[in-house]
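Structural overview
Spelled out from the first residue to the last, the chains are:
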Amino acid sequence: MKYRMEFSKKKEVAFVSHLELMKVFSQAIRRAKLPIAWTEGFNPRPKINFSSAIATGMTSLAECADMELNQFLEPDVIQQKLNDALPQGFEVHAIRFLEEKSKSLMALMAYADYHVEIKWLHRGEEQIDWSKMVEHFLAGPEILIQYESKGKKKTKDLRPGIVHMEAQKADEKLVLRMQLISGSTGNVRPEHVTEAFLSYVPCSAALSTRYEKTMTYGLKQQEKVRLFEV
Amino acid sequence: MLSKIDKEWLEEVVLPQVEKPIRYVGGELNSIVKDHDKVSVKLAFAFPDVYEVGMSHLGTQILYHILNDRESFCMERVFCPWIDMQEKMKEYHVLLYTLETFTPVRNFDFLGFTLQYEMSYSNILSMLAMADIPFLREQRIESTTAYPLLIGGGPCAYNPEPLADFFDIFLIGDAEETLLALLDLYEQHKRGDFQRSAFLLEATSLPGIYVPEFYQVQYNQDGKLQSMTPLYEGVPANVRKSLVKDLDKAPFPQKPVVPFMDIIHDRIMLEVLRGCTHGCRFCQAGTLYRPVRERSKETLLAQATALMETTGHEDISLTSLSTADHTQLSSLVDDLLGMCQAQQVSISLPSLRIDTFSMGMAKKISSVRKTGLTFAPEAGTQRMRDVINKGVTEENLMSVAEDAFQAGWERIKLYYMIGLPFEEQEDIDGIVRLSNKVLYLGKRVAKEIGSHRRISVTVSASNFVPKPFTPFQWWGQNSIEELRKKQFSMKDRIRTGNIVLHYHDARVSHLEAAFARGDRRLSRVLIHAHHKGCRFDGWDELFQFDLWQEAFEAAGLSSAWYAQREFDYSDCLPWDFIDSGVRKEFLYAEYVNAQKAMLTPDCRDEGCTQCGVCMDMHCSMQLQEVHRDEV
């Protein structure tokens, strides 16, 4: 019996890493005494798969996971039991049956929306027209960044992966909203886009940046749909 | 009073700049956050190492549970920030804070340190510096600022002297009952006009409480300790350890904190017994935790059930000094397996003895997950095993190893010590010979059962460190050069890649011995070492021996004098004023027996060995059955 759920990872558990997140769910499933299915082999693992690795420090309103139970249970019963067992900061807000043949979340996932809050070290950016700035930022043929992965220096063009982006000034904060490709066929990280954007604008370094994933999407007959519903 | 740390600011600005920020935020399942306005005694409990080490410590979880169960007390946790976080805290002026409420530890009534390992002493000073608390007790007393009272406990508190100038109170022995009594007393005193010295003086009447400022220490001209005498009437000349006589009734955490982070021992720790009757002569824990006390099967099953429900861990470890000795082990494991298998929870036995080990048990517990097998012959020859009173033979080892290989294990870990008293070169050679013998046995068995898997033996050889309250406390440790020579000689003689040799830095073991056997004057060395930059000395990558040498030199002391000097029976030892329950005469008789390679039998099998603990402390072994379970 397969189920798909959508859950949030809130501020108080922002620093839980992806590996730790998997442990959190395995332990919660045990505490909730859910009849979870186990993998075979020397080191059995609970059959639960996550849509993507969420970065340490990032919060999310729309993480997805699929799990398999050995026994039929009503989705709302599972939701209740899991929420009672999960540590504060995690909450399952939707759960549904899943067709046996459904593709894995990893394969389905295509886009994600992010909300980025930036606080400034110094003022001096009042003159900037943020909408124009974003327009210019996206107008070029490519947005190249250099980053390090597994000890190797790499260059990447972010532009094809940015579906949409907007900026808004609110009080002391600058808020960026962006939709990026996210999944096994291509992935752009909001941190990279934010860094590239901040080095593009003519003002001082950020004091802090806070990232939140607000929605995850999959593709259904080439249509963009909420991943939970695919 | 200093206000709390701004958590939001810390999380947004500071923590994204450090490795593993989850170490510094708390909020774990089962952690307890109390309103400070509603409690009367606040204790910050410090483990002087990183979060993942400290959270693996069962004692911390036990005390957390006991103290927080009391409505008017609160205990909050603090660990030593890793060096990157230390730098950031300095840069942003963040004081050392507790994980529960982000309160600076300076604001607490007590700051308790658990002393598990001598090489974490430098971290105590790092933490005090980060907390903005003066190191020396005298400085705190003289200051107009109020500081928390510093308490030290744990196994290293049995020789508290190297830390005596820093701490206000040491708690020697089992802390479960005495720590509560101490906080009760404090609460009473706080209701009236609190006088620090009146409180401390009354505290000395509690079992296991040592207040260093109440003693005068005198030294001979040759530098040896002459005497240690109480300064005031009513202060005990000898501090007897605190003992939980009935372990079965002792409180045990039903809802331990479950870390998000992967910690060293990420599992349910079920303490099945405390103490050990085997009497190995190198083993400090074997003396400190006497007499042996078992929890009953019923209690343990109830605890295991509760812990599985409240933690969700995938492994239960039956912890103790010698789990195979539990008189109900076999039926306990059977019943536990029945509970665990449905939830895919596995059981592990961390300490297996060669003479009581059975393959049936190993197969049983590996039915969920197959774990590694470790055996501890401790020494390479029969003579040496007799010297240390490790009552196992080569036949015992070969027979369990054969069983293990037959049952399909391919890798066996063997644990030895080098630098033991009365050791000869042939004992070092014996380690290599015995390990080879186990390897060839494994290869032969593999061939017989038609297995093509690679057989390997991991040999771990640690450097012997003489510890207080053992028969070997008088023995002077091998020099760094001697230990290295022995390590190289093993390395030279191992000629196959199927034996993997691990050994430790001899310089670390040298300092460990100096602090284990040290006196009050070492406080000065620690302060120098801290200022020179020593911290996390138990971590190879951060250990800086040259700085330690400079620190000893600056204090005008010699680490070799402390580590390598052989004590005379007539010498006054720095820890003699502490009464572990085991008599000094007994320990010395054991030292003499060691020299003659004479065995002393297990007291539960062959009668009382007159160590003194049961007679002097009016207690007895707490065994659930007359005989050990057939395993």
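Residues numbered from 1 in each chain as written. Chains lettered and ligands numbered in written order. Predicted model: local features only at pLDDT ≥ 70, side-chain atom pairs only at ≥ 80, totals over all residues. Heavy atoms only, no water.

**Considerations on helix H1 (residues 18-31) of chain A**
Here H1(A) contains 14 residues, and its C-alpha end-to-end distance of 20 Å stays within 8% of the 20 Å for a straight helix at 1.5 Å per residue. Within H1(A), 12 of the 14 residues are buried, which leaves the element mostly enclosed by the surrounding structure. By the burial criterion, the buried members of H1(A) are His18(A), Glu20(A), Leu21(A), Lys23(A), Val24(A), Phe25(A), Ser26(A), Gln27(A), Ala28(A), Ile29(A), Arg30(A) and Arg31(A). Of the surrounding elements, those touching the buried residues of H1(A) are strand S1 (2-9), strand S2 (48-50), strand S3 (59-68), helix H2 (75-85) and strand S4 (90-98) of chain A together with helix H10 (297-311) of chain B. Just past H1(A), the residue Lys33(A) takes up positive phi, approximately 55 degrees. (Helix = DSSP H or I, 4+ residues; strand = E, 2+ residues; numbered from the N terminus. Expected span 1.5 Å × (residues − 1). Buried < 20%, exposed > 50% of the residue type's maximum accessible area, 1.4 Å probe, protein only. Contact = heavy atoms within 4.5 Å.)

**Concerning the pattern of salt bridges**
Evaluated as defined, the whole model comprises 57 salt bridges over all chains. For Lys11(A), the salt bridge identified is with Glu8(B), shortest N-O distance 3.1 Å. Of this pair, Lys11(A) sits in the loop between S1 and H1 while Glu8(B) sits in helix H1 (residues 7-14), placing the two residues on different chains. Relative accessible area serves as the criterion here: at 36%, Lys11(A) is assigned to the partly exposed category. The exposure class assigned to Glu8(B) is partly exposed, which follows from its relative accessible area of 38%. Here Arg226(A) ties to Glu229(A) by a salt bridge, and the two come within 3.5 Å at their closest N and O atoms. Residue classification places Arg226(A) among the partly exposed residues on the basis of a relative accessible area of 26%. (Salt bridge = Lys/Arg side-chain N within 4 Å of Asp/Glu carboxyl O.)

**Focus on the interface of chain B and chain A**
Across the boundary between the two partners, chain B contributes 30 residues, which contact 24 residues of chain A. Carbon and sulfur atoms make up 52% of the surface buried where chain B meets chain A, a total of about 2500 Å² over both sides. The largest share of the area that chain B buries against chain A comes from Glu12(B), Phe260(B) and Gln343(B), three residues that together contribute 27% of it. At the boundary of chain B and chain A, one finds seven salt bridges. Salt-bridge contacts for Arg45(A) lead to Glu314(B); the nearest nitrogen and oxygen are separated by 3.3 Å. On inspection of chain B and its partner chain A, the count reaches 15 residue pairs in polar contact (both at pLDDT 80 or more). Elements with a minimum of two residues in the side of chain B that touches chain A: H1 and H10 of chain B. Looking at the side of chain B that touches chain A residue by residue, the classes come out as 15 nonpolar, six polar and nine charged. (Buried area = accessible area lost by both parts, 1.4 Å probe. Polar contact = N/O pair within 3.5 Å; in protein donor to acceptor, adjacent residues only side chain to side chain. Nonpolar A, V, L, I, M, F, W, Y, C, P; charged D, E, K, R; others polar.)

**Examining the pairing of strand S3 (residues 110-114) of chain B**
All names here are of chain B. A large share of S3 lies buried, amounting to five of its five residues. Across the two faces of S3 the burial is the same, with Phe 110, Gly 112 and Thr 114 and Leu 111 and Phe 113 all buried. The pairing of strand S1 (residues 41-47) with S3 spans four bridges and is parallel. The residue of S3 that forms the bridge with Leu 43 is Phe 110. Where S3 lies against strand S4 (residues 149-153), five bridges are found, and the strand directions are parallel. In the sheet register, Gly 112 faces S4, and the bridge partner there is Ile 151. (Pairing = 2+ DSSP bridges.)

**Here's the deal with the sheet that holds S1(B)**
All names here are of chain B. Within the open sheet, the six strands sit side by side as S2-S1-S3-S4-S5-S6. Their pairing is mixed. Each edge of the open sheet is held by one strand with a lone partner, namely strand S2 (73-79) and strand S6 (209-210). One ladder, built from seven bridges, connects S1 with S2; its direction is parallel. Within S2, the position partnered with Ala 44 by the bridge is Glu 76. Across the sheet, helix H3 (residues 58-69) touches S1 and S2, and the angle it forms with S2 is around 155 degrees. Running at roughly 140 degrees to S1, helix H7 (residues 175-191) makes contact with S1, S2, S3, S4, strand S5 (169-171) and S6 of the sheet. (Axes fitted to C-alpha atoms, helices over the stretch in contact; angles between N-to-C directions.)

**A word on the packing of helix H15 (residues 425-448) of chain B against helix H16 (residues 480-493) of chain B**
Residues and elements named next belong to chain B. Where H15 meets H16, the closest approach of the two axes is 9 Å, and the angle between their N-to-C directions is 40 degrees. On the basis of their axis angle, the class for H15 and H16 is oblique. In terms of crossing hand, the pair formed by H15 and H16 is right-handed. Along its contact with H15, which presents Gln 425, Ile 428, Asp 429, Ile 431 and Val 432, the element H16 presents Lys 486, Ser 489, Met 490 and Arg 493. (Parallel < 35°, antiparallel > 145°, perpendicular 65-115°, else oblique. Left-handed = near helix turned anticlockwise from the far one by under 90°.)

**Notes on the domain arrangement of chain B**
All names here are of chain B. Considered domain by domain, chain B is made up of domain 1 (7-240), domain 2 (267-368 + 584-631) and domain 3 (372-465 + 476-517). Domain 2 and domain 3 are separated by 23 Å when their C-alpha centres are compared. Listed per partner, the contact involves 22 residues of domain 2 and 25 residues of domain 3. Both sides of the domain 2 and domain 3 interface together cover about 1900 Å² of buried area, and 72% of this is carbon and sulfur. Where domain 2 packs against domain 3, one counts zero salt bridges. Here domain 2 is connected to domain 3 by five residue pairs in polar contact (both at pLDDT 80 or more). Elements that contribute at least two residues to the side of domain 2 that touches domain 3 include exactly helix H12 (359-365) and helix H21 (584-595). (Domains from an automatic or database assignment.)

**Overview of the packing of aromatic side chains**
According to the stated counting rule, one finds 43 aromatic pairs over all chains in the structure shown. Relative to Phe102(B), the ring of Tyr97(B) has its centre 4.7 Å away and its plane inclined at 20 degrees; by these criteria the two rings are stacked. On the accessibility criterion, Tyr97(B) (5% relative accessible area) is buried. Grouped by ring-pair contacts, the aromatic residues Phe422(B), Phe464(B), Phe472(B), Trp474(B), Trp475(B), Tyr569(B), Tyr588(B) and Tyr591(B) constitute a single cluster. Looking at Lys224(A), its charged tip hangs above the ring of Tyr217(A), at a distance of 6.0 Å from the centre. The ring of Tyr569(B) has Lys584(B) sitting right over it, with the charged end atom 5.8 Å from the ring centre. (Phe/Tyr/Trp six-rings, centres within 6.5 Å; stacked < 30°, edge-to-face > 60°. Lys NZ or Arg CZ within 6 Å of the ring centre and 35° of its normal.)

**Details of the nonpolar core**
Met67(A) and Leu318(B) are the most contacted members of the largest nonpolar core, which has 238 residues in total. If you tally residues by element for this core, the top one is H15(B), at nine residues. Other than its neighbours up to four places away in sequence, Met67(A) contacts Met1(A), Lys2(A), Tyr3(A), Met5(A), Ile29(A), Leu34(A), Ile36(A), Lys47(A), Ile48(A), Ile78(A), Leu82(A) and Ile95(A). Core analysis: the next-biggest nonpolar cluster, separate from the first, contains 30 residues, Ala112(A), Tyr114(A), Trp130(A) and Val201(A) among them. (Core = buried A, V, L, I, M, F, W, Y, C linked by side-chain atoms within 4.5 Å.)

**Concerning the domain arrangement of chain A**
Residue and element names in this part refer to chain A. One can read the domain layout of chain A as domain 1 (2-102) and domain 2 (110-229). Between the C-alpha centres of domain 1 and domain 2 the distance comes to 28 Å. Between domain 1 and domain 2, the residue contacts involve 17 residues of the former and 14 residues of the latter. Counting the contacts that link domain 1 with domain 2 gives two salt bridges. Two residues, Glu 63 and Lys 213, come together in a salt bridge whose shortest N-O distance is 2.9 Å. Viewed at the interface, domain 2 and domain 1 are joined by nine residue pairs in polar contact (both at pLDDT 80 or more). Elements with a contribution of two residues or more to the side of domain 1 that touches domain 2: S1, S3 and S4.

**Describing the sheet that holds strand S10 (residues 268-271) of chain B**
The strands making up a sheet associate through hydrogen bonds between their backbones, and the pairing can be parallel or antiparallel. Residues and elements named next belong to chain B. Taken together, three strands build an open sheet; the order of strands is S10-S13-S14 and the sheet is parallel. Each of the sheet's edge strands pairs with one partner strand only, and the pair in question is S10 and strand S14 (346-348). Between one strand axis and the next, the sheet turns through 25 degrees on average, direction left out of account. As judged from the three bridges shared by strand S13 (residues 315-319) and S14, these two strands associate in the parallel manner. Its bridge partner being in S14, Ser 317 is matched across the sheet by Ser 348. Strand contacts of helix H11 (residues 329-340): S10, S13 and S14, with the helix running at about 165 degrees to S13, the strand carrying the most contacts.

**Here we look at the side chain of Glu118(B)**
All names here are of chain B. Residue position: Glu 118 is located in the loop between S3 and helix H5 (121-131). The exposure class of Glu 118 is buried, given its relative accessible area of 5%. At 3.4 Å, the side chain of Glu 118 forms a polar contact with the side chain of Lys 467. Beyond its immediate chain neighbours, meaning those up to four positions away, Glu 118 contacts Cys 156, Lys 467, Glu 512, Phe 515 and Ala 516.

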